[in-house]
Amino acid sequence: MTTTAKTTPTTPDTPRGLIPLPQSAARVLIALGAIGTIGSTYMSWTWTSDFPGDLTYYGSPAGLQILDLVAGVLTLFYALTRWNIRGLNWLNPAGATAPVFLAAASAFTVSWFSALAIAIDLGGLVNLDPGAYLAAVASLIAILGALALPSPGNTAKAWVSKPDNIPPAGKLPAWGERLVITAATAVGLITFAYGIGVDPDASETFIGFLLLVVFGSWALLAAGLVERFSVLNARHKGFATSMAFLAAAIFPFVENNEHNANLGVNILVVATVALGLNIVVGLTGLLDLGYVAFLGVGAYAAALVSGSEFSRFSGIQFPFWAAMLTGMAASLIFGVLIGAPTLRLRGDYLAIVTLGFGEIFRITVNNLDGTSGPNITNGPNGISMIPDLEIFGFNLGSSHTIGSVTIGRFANYLLLMLIITAIVVLVFNRAADSRIGRSWIAIREDETAATAMGINGFRVKLIAFALGASLAGLAGTVSAHVGYSVNPAPYQFAGSVPPNSAFLLAAVVLGGMGTVGGPILGATLLYLLPEKLSFLKEYQLFAFGLALVILMRFRPEGIIANRRRQLEFHETEQADIPEQSLPDTTVGVTKAGA
Amino acid sequence: MTTTTATSPVLEATGVTMRFGGLTAVRNVDLTVNSGEIVGLIGPNGAGKTTFFNCLTGLYVPTEGKVAYKGTVLPPKPHLVTSAGIARTFQNIRLFANMTVLENVLVGRHTRTKEGLWSALLRGPGFRKAEAASRERAMELLEFIGLAHKADHLARNLPYGEQRKLEIARALASDPGLLLLDEPTAGMNPQETRATEELVFAIRDKGIAVLVIEHDMRFIFNLCDRVACLVQGEKLVEGTSEVVQGDERVIAAYLGTPFEGAPGDEEIAEVEAAEATGAQSTTSTEGSAQ
Ligand SMILES: Nc1ncnc2c1ncn2[C@@H]1O[C@H](COP(=O)(O)OP(=O)(O)OP(=O)(O)O)[C@@H](O)[C@H]1O
Ligand SMILES: [Mg+2]
């Protein structure tokens, strides 16, 4: 705000930016900054390959540079939308300032984070090569340019939120809409594959990735593209869902690496379980703090009939479908046993009792070792050496080659787990949109009124509980085989290793209660973040809590909002109540004129 | 105001008593509602009217007494009462706030449909047909109540008067033989109150008996074939509008002339004030106990 440029307002009608510059200058600055940022990624950023990603080459971006390149391109495109170029308007339908600012912010944060990380990791600014300086300066120019764009409002919030005046989307032919969905799915797949592929030792790169994803998708949100896309998605629901699953099925072929495939399977397992929990928590509103026990029951049931020599029934080896049914049935029975006495309780009481039952499961399994109790589960040692599954004579343990791609053991399980996730998604969707699903939601909304409308609350809640339990059991059967062994340790309420009740609950709440995408996204994030940000180590739980608090403060409905919950938490965003704009105060004016 | 159907009792409550610890909120109340009738239940605040409704619908298990619907004694379980044929609304509106208007009514259809989890998962033709029929019936009801154009709005976004109407539509969705309305015009302006009056008549003409709690005396005496007055949990009088209107004990209960077992002065003043402003008042009584 200390610029010496002329401050005489030329057009009093258009609101000016925080930095008094003519509009044309502002957008030129952003574009130049973006081009500079892009250019910088083709230069060396540091002299040594010690920094993760090896940013020492001229002519070929790597690691953080690739991310910065993407951010630069995004910024450039958004800068160009300020010129009203035909064919680019769709990127920023309202021609708003906020998305441009956020795009520039993505380039700025990635560049500056990289430069700082290099300087701090390697011990001093001397380690920065000209490329890093260029990236920092260029991205700074871009964001200063963005700040000179017409101010979207008097508050800081206006700079980062979606404007109201987004024009309705033009009509695309049906195939065009499907093409958009396909393209978006592809972008999603590439993003996910990139994220999961980041070297666990290269936390810097992963943070850069997060910055880009957060600010980039925020820009798209502020531009109104996310909303348009969700409308498209709703219109082609079946197509969109199949595209998502297709993308997930392609994943093992794209990311041809057993470690990442293993990550993928584990993510799918927790995502599926979280989706089952979403029926209980998100739809029916029953706070279940011991849900992971059902995963454990399924896993143990499958392990016992797997033919492992450590199993009590080592002579028995069920075929996969029978093991799956056994796992589901065992969880179902356990669910009904726990649910029948507890579901008569409401609210906090239910939460406490489920917490207790969850722990009882773990402790019981721990003690059924032959000394403290009958030998069924082999106690804390668990059941190991679980053989691989065989489906129709195909052993999932052996890898095989399709074309030039080798599909390894974990990739096999990934594909199997994907089918199971698809089944669970189908079950969730169909159950939610039916008489029973409506009665779940009614119970969540007001249990007294629901029973007065003729809903047998206990029965309906028990169905939700049992369904959730058996879906978790289903996922448990596969997870037992994927992990070779089962033991009681992971099935606890809270811990630093993922499948625990608190983790699953956080995945649901964080991702978005009552939605399909929410728990899947939540589980993915929660699983991937600690994996990739290994430097957090003992601060993991702290960081996790902090992230949860921040998210709940600013987006209580979760990342993916159910339409209902969105309306619930952001009263003013609903269509028929116009947003109440505060009367113009002088604060913004003085700020702009200062 | 008379209907052609032979009058047989729809609801017979006998000796209903409800005690909360030392407090007897409802004491030995008998009440009969015949088919084709609109019966009013009046009484000062805290008289036990809502508690009596809760006893009828199984939300409270009455300490003593029994409730029979069309000759069969009802178990004190809300969902069984509703599926037997008694539907209700609540004094403090209890809609499913985050469901759409249509979904609210669909939930009301719960007892008259039976598709379970399996049919929802398998989605056979039977499921589709039942779902379509439910929707059609729900839309009919919204049409009847005048909310069809807002079928896709969230219930929480409706204005107050429409929320009350929606509660009635939701209750009607269970095809009841008896509808219990707990202060259906509370917080409404005079025009809305008039409209509700018409609505209640229309419901009666559909062959549904109505038992209505209300503080608006003009509304009650216009509407009801019979009125019962509760004071401190006891049924003081029961009879036609004229009889109850003229009964000195009722007047005393409302206006505070001392009589045996009269409610406290403070309460009377409150009732008086409410009565005085009742005509123009649009404030809600949402805060009060249900
Ligand atoms: N669950 C309960 N536990 C204890 N006391 C209760 C309970 N429900 C109601 N009461 C008491 O019973 C009495 C009758 O209350 P009720 O709500 O039935 O009155 P009402 O006639 O509906 O009054 P209003 O006109 O204000 O709605 C009150 O004294 C109330 O405090
Ligand atoms: Mg009451």
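These numbers come from a predicted model, not from an experiment. (Residues numbered from 1 in each chain as written. Chains lettered and ligands numbered in written order. Predicted model: local features only at pLDDT ≥ 70, side-chain atom pairs only at ≥ 80, totals over all residues. Heavy atoms only, no water.)

Moving on, we come to the packing of helix α1 (residues 23-40) of chain A against helix α4 (residues 130-147) of chain A. Residue and element names in this part refer to chain A. One way to put it is that α1 packs onto α4 with a least axis distance of 7 Å and a crossing angle of 160°. Compared by their axis directions, α1 and α4 come out roughly antiparallel. Crossing hand, α1 versus α4: left-handed. Seen from α1, the contacting residues are A26, L29, I30, G33, A34, G36, T37 and S40; seen from α4, they are G131, L134, A135, A138, S139, I141, A142, G145 and A146. (Axes fitted to C-alpha atoms, helices over the stretch in contact; angles between N-to-C directions. Helix = DSSP H or I, 4+ residues; strand = E, 2+ residues; numbered from the N terminus. Parallel < 35°, antiparallel > 145°, perpendicular 65-115°, else oblique. Left-handed = near helix turned anticlockwise from the far one by under 90°. Contact = heavy atoms within 4.5 Å.)

Turning our eyes to something else, we now look at the site of ligand 1. Residues and elements named next belong to chain B. Around ligand 1 sit 15 residues, and of these N45, K49, T50, T51 and H215 come closest. Between ligand 1 and the protein, one listed contact pairs an oxygen atom with a backbone N or O atom of G48 at 2.9 Å. Q91 is positioned with one of its side-chain polar atoms (N or O) 2.8 Å from an oxygen atom of ligand 1. Only β2 (23-34) and α1 (49-56) provide two or more residues apiece to the shell around ligand 1. The element that contributes the greatest number of residues to the shell around ligand 1 is α1, accounting for three residues. Looking at the shell around ligand 1 residue by residue, the class counts come to five nonpolar, eight polar and two charged. (Near = heavy atom within 4 Å. Polar contact = N/O pair within 3.5 Å; in protein donor to acceptor, adjacent residues only side chain to side chain. Nonpolar A, V, L, I, M, F, W, Y, C, P; charged D, E, K, R; others polar.)

Before going further, it helps to spend a moment on the packing of helix α17 (residues 501-511) of chain A against helix α18 (residues 517-532) of chain A. Residue and element names in this part refer to chain A. Viewed as axis vectors pointing N to C, α17 and α18 meet at an angle of 120°, and their least axial separation amounts to 7 Å. Taken together, the axis directions place α17 and α18 in an arrangement best described as oblique. For the pair α17 and α18, the sense of crossing is right-handed. Residues F503, A506, A507, V508, L510 and G511 of α17 form the contact with α18, whose own contacting residues are G518, P519, G522, A523, L526 and Y527. Its residues assigned to classes, the contact of α17 with α18 shows nine nonpolar, three polar and no charged.

Applying the stated rule across the entire model yields 23 salt bridges over all chains. Of the charged contacts in the structure, one is a salt bridge between A:E359 and A:R362, with a shortest N-O distance of 2.6 Å. Within this pair, A:E359 and its partner A:R362 are both found in helix α12 (residues 347-367), separated by three residues, close to a single helical turn. Note on A:E359: relative accessible area 23%, which makes it partly exposed. Through salt bridges with shared partners, one network takes in B:E37, B:R226, B:K235 and B:E238. (Salt bridge = Lys/Arg side-chain N within 4 Å of Asp/Glu carboxyl O. Buried < 20%, exposed > 50% of the residue type's maximum accessible area, 1.4 Å probe, protein only.)

Another aspect to go through is the packing of aromatic side chains. Residue and element names in this part refer to chain A. Taken as a whole and assessed by the stated rule, the structure comprises 13 aromatic pairs over all chains. Arranged with centres 5.4 Å apart and planes meeting at 70°, the rings of F101 and W159 form a pair that is edge-to-face. Of the two residues, F101 sits in helix α3 (residues 98-122) while W159 sits in the loop between α4 and α5 (174-197), which places them 58 residues apart along the sequence. In this pair, the class of F101 matches that of W159, namely buried. Their ring planes at 90° and their centres at 5.8 Å tell us that F294 and F465 sit as a pair that is edge-to-face. Highlighted residues: F294 in helix α10 (residues 292-304) and F465 in helix α16 (residues 457-482), separated in sequence by 171 residues. (Phe/Tyr/Trp six-rings, centres within 6.5 Å; stacked < 30°, edge-to-face > 60°.)

Once that is clear, we can look at the environment of A:S114. All names here are of chain A. The topology assignment puts S114 in helix α3. Sequence separation of S114 and G208 is 94 residues, and the distance between their C-alpha atoms is 7.3 Å. If sequence neighbours within four positions are ignored, S114 has contacts with W45 and L64.

For the rest of this paragraph, the subject is the coordination of the magnesium ion (ligand 2). All names here are of chain B. Protein coordination at the magnesium ion (ligand 2) comes from T50 (OG1) and Q91 (OE1), with a distance range of 1.8 to 2.1 Å. Of this pair, T50 sits in helix α1 while Q91 is found in the loop between β6 (86-88) and α3 (101-108), placing the two residues 41 residues apart along the sequence. With respect to class, T50 is no different from Q91; both count as buried. (Donors = N, O, S within 2.8 Å, 3.2 Å for Na, K, Ca; no water.)

All names here are of chain B. Burial runs high along strand β8 (residues 209-213): five of the five residues are buried. Burial of the side chains of β8 extends over both faces: A209, L211 and I213 are buried on one face and V210 and V212 on the other. Where strand β3 (residues 38-42) lies against β8, four bridges are found, and the strand directions are parallel. Counterpart to G40 in the pairing with β8 is V212. (Pairing = 2+ DSSP bridges.)

Residue and element names in this part refer to chain A. Here G457 lies in helix α16. For the pair formed by G457 and R344, sequence separation is 113 residues and the distance between their alpha carbons is 8.8 Å. Those residues in contact with G457, other than ones at most four positions away along the chain, are I443 and T451.

Right, let's get into the domain arrangement of chain A. All names here are of chain A. Looking at the assigned domains, one finds that chain A contains domain 1 (23-237) and domain 2 (256-495). Computed from C-alpha atoms alone, the centre-to-centre distance between domain 1 and domain 2 is 39 Å. Each partner contributes residues to the interface: domain 1 has four residues there, and domain 2 has five residues. Across the domain 1 to domain 2 interface the summed buried area is about 310 Å²; carbon plus sulfur atoms make up 68%. Its largest share of buried area at the contact with domain 2, domain 1 owes to F192, I196 and K237, together 83% of the area lost on that side. Our enumeration of links across domain 1 and domain 2 arrives at zero salt bridges. Counting across the domain 1 and domain 2 interface gives zero residue pairs in polar contact (both at pLDDT 80 or more). In terms of residue count, α5 provides more of the side of domain 1 that touches domain 2 than any other element does, three residues in total. A per-class count over the side of domain 1 that touches domain 2 returns two nonpolar, one polar and one charged. (Domains from an automatic or database assignment. Buried area = accessible area lost by both parts, 1.4 Å probe.)

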